[in-house]
Structure formats: C-alpha cells, structure tokens
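Residues per chain are reported as follows:
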Amino acid sequence: MTRGLRLVMAAALVAVAAPVAHAYLKLGTEVGSRVVGVRWDRFPVRYFLTNRAVDGVSQEQLRTAVQAAFDEWASVRTANVTAQFVGFTDAEPFDDDGASVIGFQSRPEMDRTLGATTFTIDTTTGAILDSDIFFNASFAWSVAASGQASRFDLESIATHEIGHLFGLGHSALGETELIDTDRRRVTAKRAVMFPIAYPAGNIEDRSLKPDDRAGLTDIYGSAADRSYGSLSGRVTLDGAGLFGAHVTAFNTSTGELVSGFSLNDAGTFVITGLAPGLYVVRAEPLDDADIDSFFDEDTTVNIDFRPAYAPQLVAVPAGGAAGSFEIKVRAK
Amino acid sequence: MTASRRTGLRPLIAALGLVPALAAPASAQAGRGAAAGGPPVEIAAGGVLVGPTSFGTASADLLRPDGGTTSLFKTDNRLGPGLGLEVTLGFGLTPRLFAEASGAWIKADFETRVTSDLEGADDATLTAPGNRFVVEGAALWRLATVGGGDLFARGGAGWMRDLAGEGSLIKDGTTGSVGVAWRRWWHERPGPRTRRIGLRLDGRIAIRSAGLTLGEQKTRIAPYAFGGVVFGF
C-alpha cells in the first residue's frame with residue numbers, strides 16, 4: 001500500500017476571497033491514469049482534538065462545537081458517516097502522525113484563511129487514512145449560541161472543514177462581490193461548502209443545505225436507497241463539450257438547489273442526491289471565481305459564455321436517473 | 001366446520017343480492033318515464049378535456065448574511081391543459097341516486113416559465129410530458145329533466161397517480177370533483193334486458209391534492225369536462 005500524498009489543497013475556508021457560482025464537488029486524486037474520489041472506507045472516523053484553548057473558546061467548548069459539526073453531517077439520512085472523539089492530544093494538526101487531529105493553530109501569515117483540511121490518502125485506492133483540520137487562531141472565535149459580533153462561529157467553520165474531511169470539495173453555490181481588486185466577500189450562498197464564509201457573527205453555516213447533503217450522499221449514499229435520484233447531461237458550446245461549466249438543479253416544489261460541474265472535455269456532468277421531482281437545470285460560467293478554489297491551479301476553464309437553461313424540465317425518479325440531456329450555451 | 005361455512009356464506013349471498021334489489025326500483029322508474037329515469041347499470045366511455053392548473057411561483061434563492069434572500073431566477077409553474085379518456089360504471093341505487101366508479105387517463109404537460117435570471121440568461125419555457133391516472137368513486141343525484149335528458153348533480157373522490165419522465169417519476173395523490181352530469185338516451189332496443197345508447201356530458205371542478213407538482217404543495221382546482229357515449233343495461 002502506498003501512503004503519503006499529503007494534500008494541502010483547496011480545502012481552506014476563507015474569510016474573504018474569490019469565487020462565485022454554485023455546486024458541490026467531490027475531492028479526487030489520481031490513481032494510475034484515472035481520477036477517483038477520496039473517501040473514508042472505515043467508520044467511525046476517529047479524531048483527536050488539540051489540548052489548546054484560545055480566547056473565547058475553551059478546550060471543552062472546542063470539543064462540543066466539533067462534535068456538533070460532526071453530528072450535523074452524521075444526520076444526513078441518505079448517507080452513512082459517523083465519527084468518534086478519541087481524546088485530547090499534544091499533537092498538532094498537519095503532523096505526519098497517522099492520526100486525525102483537529103484544533104487551533106496561530107497562522108498569522110494566512111491572513112484570509114479561517115481553517116483548512118489536509119489528508120493522508122492511500123494513493124492506490126483513494127481511501128482517506130487520516131485527515132487533520134486547523135482553525136486559524138489569528139482570528140477571533142466564538143461558540144456563543146446565537147453568534148457573537150466580530151467573532152467567527154467555530155461550529156459553522158468546523159462544519160465546513162468536516163465536509164472536506166469527509167471528501168467534499170468546494171461548492172460554488174453562492175454569489176460574491178468585489179471589495180477591492182482581488183478580494184471578494186460573500187453576498188449570498190446556499191451551501192456550507194462554499195469557499196467563502198459568511199461574515200463574523202453569522203451562524204447560518206451550522207446547518208447543512210441541500211447541496212451539502214447531496215454531496216455527502218454522492219460519496220456515501222447507498223445505491224439501494226430509493227429516496228433520491230440523479231440527473232446527468234452535457235454542456236456544449238457550438239456543438240463541442242464544455243469543461244468547467246457550473247450546472248445548477250432547482251427543485252421548484254421543494255425550493256432545493258443542488259449543483260455540479262461539467263468535469264471533462266465532453267462537457268458531461270452528473271448530479272446525484274436529488275429528491276425525486278421535476279427540476280429546472282441551468283448552466284453558467286465560473287465567470288468571477290477563482291478557478292483554483294474548485295480545480296487544479298493549471299486548469300483552464302472557458303468562462304466566455306452566457307448562462308442558459310436545459311431545454312426541458314428534468315424528471316428525476318426515485319432511486320434512478322433522469323434521461324441524459326444537453327444544455328447548449330452561446331458565446332458572449 | 002361445514003355448518004360454519006354455510007353460516008358464513010349467507011351474509012355474502014345477501015350482499016350480492018342487494019344490488020339487484022336496489023336496482024329494481026330504478027329500472028321500474030325508467031320504464032314509467034322514458035326520459036326521467038335510467039336503467040340500473042350504465043357504462044359510459046368518452047373523452048376528457050381538463051383546463052390548466054396553476055402551481056404558483058417559486059424562486060431559486062440564496063441566503064444573504066442578513067437573513068434575506070437573493071434570487072438566482074424565478075419560475076411560474078402550471079400543469080397545462082390535458083386531454084384524455086374516461087370510463088365510468090354506474091349503478092342505480094334508487095330512482096334518483098346513482099353510484100359510479102370511474103377511471104381516467106389524462107395526458108398533460110408540466111410547464112415552467114423561467115424569468116428574472118440574476119446573470120441575464122434568456123427567459124425560457126420548459127416542459128415535461130406528464131400522464132395522470134385517476135380512479136374515482138362518485139354519487140349522482142338526479143335533479144331534473146332538461147333538454148330531453150336527465151340532469152344530475154355529481155360529487156366524487158378518489159386516488160390519482162402522476163407520471164413524468166417517461167413514467168420513471170411517479171407520485172400519488174388524492175382527487176375530488178363536483179359538478180353536473182347530463183345524460184340523454186337516443187336509442188332504445190327493447191328486449192328481455194333493455195339496452196339503451198345515449199349521450200353523456202359532464203362539467204366538473206376537479207380538485208387535486210399532493211401528486212406531482214412544480215410549486216407549493218397545495219390543493220389545486222381545474223375545470224374538467226367529459227363527453228361520451230353511455231350504454232344502459
């Protein structure tokens with residue numbers, strides 16, 4: 001078994017940063033010539049917490065907040081994930097110790113990063129062997145039940161990072177605005193896994209959204225579960241497949257938004273974990289996003305097209321897949 | 001054991017005998033007044049036309065930090081007008097009262113109009129073909145003789161199944177209907193069992209609850225018309 005490949009990747013949650021768009025994304029790694037999703041093979045995920053408190057958060061409050069965040073993910077009824085607190089430790093997040101360690105570290109040089117997640121992966125299977133999470137102690141933190149002005153809510157940020165720990169990448173289900181030439185802030189979003197946090201004091205991200213649940217279900221759902229279904233299709237521009245288009249599925253009956261990306265040169269996409277129903281499906285460019293929040297830094301994504309809708313309502317059946325369809329977009 | 005079985009059969013036999021017993025007065029009534037009454041058993045088959053049903057509006061919303069929402073786009077949803085077939089089987093219970101069971105298949109498209117895209121996508125009208133199967137039980141009460149036929153008040157309730165996506169998406173719901181039915185016999189062939197052929201026209205308000213929807217889960221209504229041939233036995 002080959003171990004190693006420690007990924008300090010797009011799994012950082014930032015206070016202020018880049019992108020726009022909408023979608024859940026699974027983290028992947030190359031195994032031979034193909035990319036496989038990373039996931040845990042064994043449950044419960046056993047984790048340690050650092051024995052370090054910070055201003056506003058005691059050791060015990062850290063344990064409670066992290067436990068609540070794990071419980072939120074474990075409550076997704078269409079997926080099977082569990083976690084177990086083992087104890088407090090002197091170890092640091094990111095130590096190469098074979099243990100999953102979660103806790104605070106002071107990283108003032110990472111002045112936009114609230115937290116980050118790393119993995120040790122079996123590079124022959126994509127299985128996660130351990131995963132560490134750090135919360136940047138250079139920011140002010142809170143565990144107040146209703147949040148606390150000018151302090152970031154630990155449980156909300158932990159919920160985001162634990163999504164990474166389970167193998168989820170960033171969602172693009174949100175909107176941002178520029179606050180100077182290269183910095184953005186979130187104006188609205190509908191996914192905990194969006195890469196930019198709500199402002200300090202906000203506790204909305206303690207609760208998972210449909211996009212987050214769908215992403216977890218995609219990784220850890222059961223094929224025998226008939227409570228959800230999937231849709232798939234292609235995004236094309238002038239007849240050719242389009243990589244990196246952002247595709248959103250909207251259930252008009254429940255109001256749920258879930259989305260994904262076209263992830264190859266054929267422009268194909270698959271979105272699963274969807275409640276059965278009729279969906280409006282929309283494709284749009286990642287036109288004001290930092291592409292490296294979603295893909296590798298050297299990835300080229302065409303953002304020079306107009307948003308467009310699938311030509312029909314898409315019927316997602318229980319326990320099955322909607323027939324494939326094509327979304328034709330036009331250049332700007 | 002044998003005696004017990006015989007005892008158990010008696011209520012069943014009595015129940016089976018109840019239908020002809022109840023039907024007999026209706027038959028006699030029909031014989032007395034040609035246009036006023038009807039035979040005890042009727043089968044009708046014909047076409048159905050259903051008006052559109054609004055499913056209301058829905059907005060694809062993101063959540064702002066202040067708790068408000070930002071809409072990605074808005075949708076206006078409905079079930080389009082439908083065409084179908086219906087078959088009914090009715091029994092005369094009294095000279096005025098009929099019980100009826102009906103089954104219908106209706107084809108109608110689900111429709112969504114998408115507007116107000118946050119990033120300027122063109123408005124679009126999206127559809128998905130749908131099929132609905134309805135089974136209903138109804139009671140009809142003869143009100144009067146109108147235009148040479150019988151006019152009934154009709155009320156019913158039942159079960160429906162919506163299908164979309166080439167039948168892969170299935171959702172069940174309940175239905176109801178209230179309205180009037182008009183039936184006129186135009187051909188009669190006297191014999192040991194009187195057989196009649198006539199015309200039946202219904203106008204109803206159809207009520208649907210649950211089933212496949214595009215907007216809020218609410219009870220919806222739509223105009224419903226049936227026209228067909230009725231056979232009396």
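Rules and cut-offs
- Residues numbered from 1 in each chain as written.
- Chains lettered and ligands numbered in written order.
- Predicted model: local features only at pLDDT ≥ 70, side-chain atom pairs only at ≥ 80, totals over all residues.
- Heavy atoms only, no water.
- Salt bridge = Lys/Arg side-chain N within 4 Å of Asp/Glu carboxyl O.
- Contact = heavy atoms within 4.5 Å.
- Buried area = accessible area lost by both parts, 1.4 Å probe.
- Helix = DSSP H or I, 4+ residues; strand = E, 2+ residues; numbered from the N terminus.
- Nonpolar A, V, L, I, M, F, W, Y, C, P; charged D, E, K, R; others polar.
- Core = buried A, V, L, I, M, F, W, Y, C linked by side-chain atoms within 4.5 Å.
- Buried < 20%, exposed > 50% of the residue type's maximum accessible area, 1.4 Å probe, protein only.
- pLDDT = per-residue confidence, 0-100.
- Polar contact = N/O pair within 3.5 Å; in protein donor to acceptor, adjacent residues only side chain to side chain.
- Expected span 1.5 Å × (residues − 1).

Chemist: Give me the pattern of salt bridges: which residues, what numbers.
Modeler: Any two side chains of opposite charge can pair if their charged atoms end up close together. Residue and element names in this part refer to chain B. Counted under the stated rule, the structure contains 28 salt bridges over all chains. Residue Asp66 pairs with Arg64 through a salt bridge whose shortest N-O separation is 3.3 Å. Beyond isolated ion pairs, a larger network of salt bridges with shared partners links Glu86, Glu100, Glu136, Arg154, Arg200, Asp202 and Arg204.

Chemist: A description of the interface of chain B and chain A should follow, citing residues and the corresponding values.
Modeler: At the junction of the two partners, chain B supplies 36 residues and chain A supplies 37 residues. By the criterion of area lost to chain A, the three top residues of chain B are Leu63, Pro65 and Glu119 of chain B, representing 23% of everything that side buries. Ionic pairing is found between Arg330 of chain A and Asp122 of chain B, a salt bridge with its closest N-O pair at 2.7 Å. Elements that contribute at least two residues to the side of chain B that touches chain A include exactly strand S2 (53–63), strand S3 (69–79), strand S5 (97–115) and strand S6 (124–146) of chain B. Looking at side-chain class alone, the side of chain B that touches chain A contains 18 nonpolar, 12 polar and 6 charged residues.

Chemist: Talk me through the nonpolar core; I want residue IDs and the actual numbers.
Modeler: Formed by 42 residues in total, the largest nonpolar core has its most connected members in Val66, Phe135, Trp141, Ile162 and Phe166 of chain A. At the level of elements, strand S4 (45–50), helix H1 (59–74), strand S6 (100–105), strand S7 (113–121), strand S8 (128–136), helix H2 (154–165) and helix H3 (210–220) of chain A are the ones that each hand at least two residues to this core. The element best represented in this core is H1 of chain A, accounting for 6 residues. Beyond its immediate stretch of four places on either side in the chain, Val66 of chain A contacts Tyr47, Leu49, Ile102, Phe135 and Ile162 of chain A. Val280 and Tyr309 of chain A together with Ala128 and Leu214 of chain B belong to the second-largest nonpolar core, a separate cluster that totals 28 residues.

Chemist: Account for the confidence of the model for chain A, naming residues and giving values.
Modeler: Residues and elements named next belong to chain A. For chain A, the mean per-residue pLDDT works out to 88, and 91% of the residues sit at or above 70. Throughout residues 1–10 the model reports pLDDT below 50, and contacts reaching past four residues in sequence, or to other chains, amount to 36 contacts. Ignoring residues within four places in sequence, the model shows residues 15–23, a span with pLDDT below 50, making 69 contacts including any to other chains.

Chemist: I'd like a description of the side chain of Ser262 of chain A, backed by residues and values.
Modeler: All names here are of chain A. Take Ser262: it is sitting in the loop between strand S16 (257–261) and strand S17 (268–274). Residue Ser262 is classed as buried on the basis of its relative accessible area of 0%. A distance of 2.9 Å separates the side chain of Ser262 from the backbone nitrogen of Ala245, its partner in a polar contact. When sequence neighbours within four positions are dropped, the list of residues in contact with Ser262 reads Val235, Leu242, Phe243, Gly244, Ala245, Gly267, Thr268 and Phe269.

Chemist: Can you break down unusual backbone geometry residue by residue, with the values?
Modeler: Glycine aside, residues mostly have negative phi, and peptide bonds are mostly found in the trans state. Of the consecutive residues Phe43 of chain A and Pro44 of chain A, the connecting peptide bond is found in the cis state with omega at 5 degrees. Locating Pro44 of chain A in the fold gives a position in the loop between strand S3 (34–37) and S4. Of note in this structure, Ser150 of chain A is not a glycine but carries a positive phi near 70 degrees. Structurally, Ser150 of chain A can be placed in the loop between strand S9 (141–142) and strand S10 (152–153). The exposed category is assigned to Ser150 of chain A, whose relative accessible area is 61%. The phi angle at Ala210 of chain B is positive, at roughly 65 degrees, despite the residue not being glycine. You can see Ala210 of chain B is positioned in strand S9 (residues 195–210). Exposure remark for Ala210 of chain B: the relative accessible area of 35% places this residue in the partly exposed category.

Chemist: Break down H2 of chain A for me, citing the residues and quoting the values.
Modeler: Residues and elements named next belong to chain A. An ideal rise of 1.5 Å per residue puts 16 Å on 12 residues; H2 measures up with 16 Å between its terminal C-alpha atoms. The buried fraction of H2 amounts to 12 of the 12 residues, a majority that puts the element mostly inside the structure. Among the residues of H2, Leu154, Glu155, Ser156, Ile157, Ala158, Thr159, His160, Glu161, Ile162, Gly163, His164 and Leu165 are the ones counted as buried. Phi turns positive one or two residues past the end of H2, at Gly167, with a value near 110 degrees.

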